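Take a look at the letters that make up each chain.
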Amino acid sequence: MTEQEVYGFGAYSVTEISHYTVSLSDGTRLSAKLWIPDFRRDSSKNFSEQFGEFNFNTYDVHLIGKDNQSDKVLDTDETFPVILEYLPYHKDINTATRDHNRHPWFSSHGFVVMRVEIRGTGASGGFYHGEYLAQEQEDCREVLQWIVAQPWSNGRVGMYGKSWGGFNGLQMAFLEPEESPLKTAISLYCTDNR
């Protein structure tokens, strides 16, 4: 039995884009990491020609460089639901190990997973002024709209998180209108009572 089978990985291979930016309406750029389902198992030749050297791990994750030239990888005929995790914790340090174990698993089952750093935190631009503020929620609304506009998105988004990320999901589920792309929030270890 392969390691992929033992851990219950799905049919998709996974492309990881380690740094991507989402531009907000005020010009602030939020830093993101994406895991994208990919049926192109023998895609290493295409990717290496466009993006240079890759590191492959046992989960068949292709690591893409730290720039937005990876847009070509996002061109696909298939669309996917998206799982959004929206946190202030640095994606390349604080949660990297946890994310590496969890997010490729979701992506291997046909979800795009997007890990976005809140304004003024991690590699995101702008200034951070405190937790759970209206600016944080407005930025998340823009991220949700950005996701829906992407060619790989099927227009359905779920938010996932624990603690801060869990509370963000609850806030957005409460604030978003019925026609919102946000269809569910999975919140763990969080409260609305500060």
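Here, every reference points to the structure presented above.
Residues numbered from 1 in each chain as written. Predicted model: local features only at pLDDT ≥ 70, side-chain atom pairs only at ≥ 80, totals over all residues. Heavy atoms only, no water.

Another aspect to go through is the side chain of Asn168. In this fold, Asn168 is placed in helix H5 (residues 164–175). What makes Asn168 buried here is its relative accessible area of 2%. (Helix = DSSP H or I, 4+ residues; strand = E, 2+ residues; numbered from the N terminus. Buried < 20%, exposed > 50% of the residue type's maximum accessible area, 1.4 Å probe, protein only.)

Across all of its chains, the model carries six salt bridges by this definition. A salt bridge links Asp92 to Lys33; the nearest nitrogen and oxygen atoms lie 3.7 Å apart. On the criterion of sequence distance, the pair formed by Asp92 in the loop between strand E4 (80–87) and helix H3 (96–108) and Lys33 in strand E2 (residues 29–38) is long-range, its members being 59 residues apart. Looking at Asp92, the relative accessible area reads 29%, which means it is partly exposed. When salt bridges that share partners are traced, they join Asp26, Arg119 and Asp139 into one network. (Salt bridge = Lys/Arg side-chain N within 4 Å of Asp/Glu carboxyl O.)

This part is about the packing of helix H4 (residues 134–148) against H5. Each pair of packed helices can be summarised by the angle the axes make with each other and by the distance between the axes. H5 packs onto H4 with a crossing angle of 75° between their chain directions and a minimal axis gap of 11 Å. Classed by the angle they form, the pair H4 and H5 counts as roughly perpendicular. Two secondary-structure elements touch here, H4 through Glu136, Gln137, Cys140, Arg141 and Leu144 and H5 through Trp164, Asn168, Gln171, Met172 and Leu175. Split by residue class, the contact of H4 with H5 holds five nonpolar, three polar and two charged. (Axes fitted to C-alpha atoms, helices over the stretch in contact; angles between N-to-C directions. Parallel < 35°, antiparallel > 145°, perpendicular 65-115°, else oblique. Contact = heavy atoms within 4.5 Å. Nonpolar A, V, L, I, M, F, W, Y, C, P; charged D, E, K, R; others polar.)

Scanning the model with the defined rule gives nine aromatic pairs in all. Measuring from centroid to centroid gives 5.6 Å for Trp105 and Phe106, while their planes differ by 75°, and the two rings are edge-to-face. By the ring-pair criterion, three or more aromatic residues cluster together here, those being Tyr89, Tyr128, Tyr132, Trp164 and Phe167. (Phe/Tyr/Trp six-rings, centres within 6.5 Å; stacked < 30°, edge-to-face > 60°.)

This part covers H5. Taking 1.5 Å per residue as the helical rise, H5 with its twelve residues ought to reach 16 Å, and the 16 Å between its terminal C-alpha atoms agrees with that figure. Inspection of H5 places Trp164, Gly165, Gly166, Phe167, Asn168, Gly169, Gln171 and Met172 among the buried residues, and these make up the whole buried set. (Expected span 1.5 Å × (residues − 1).)

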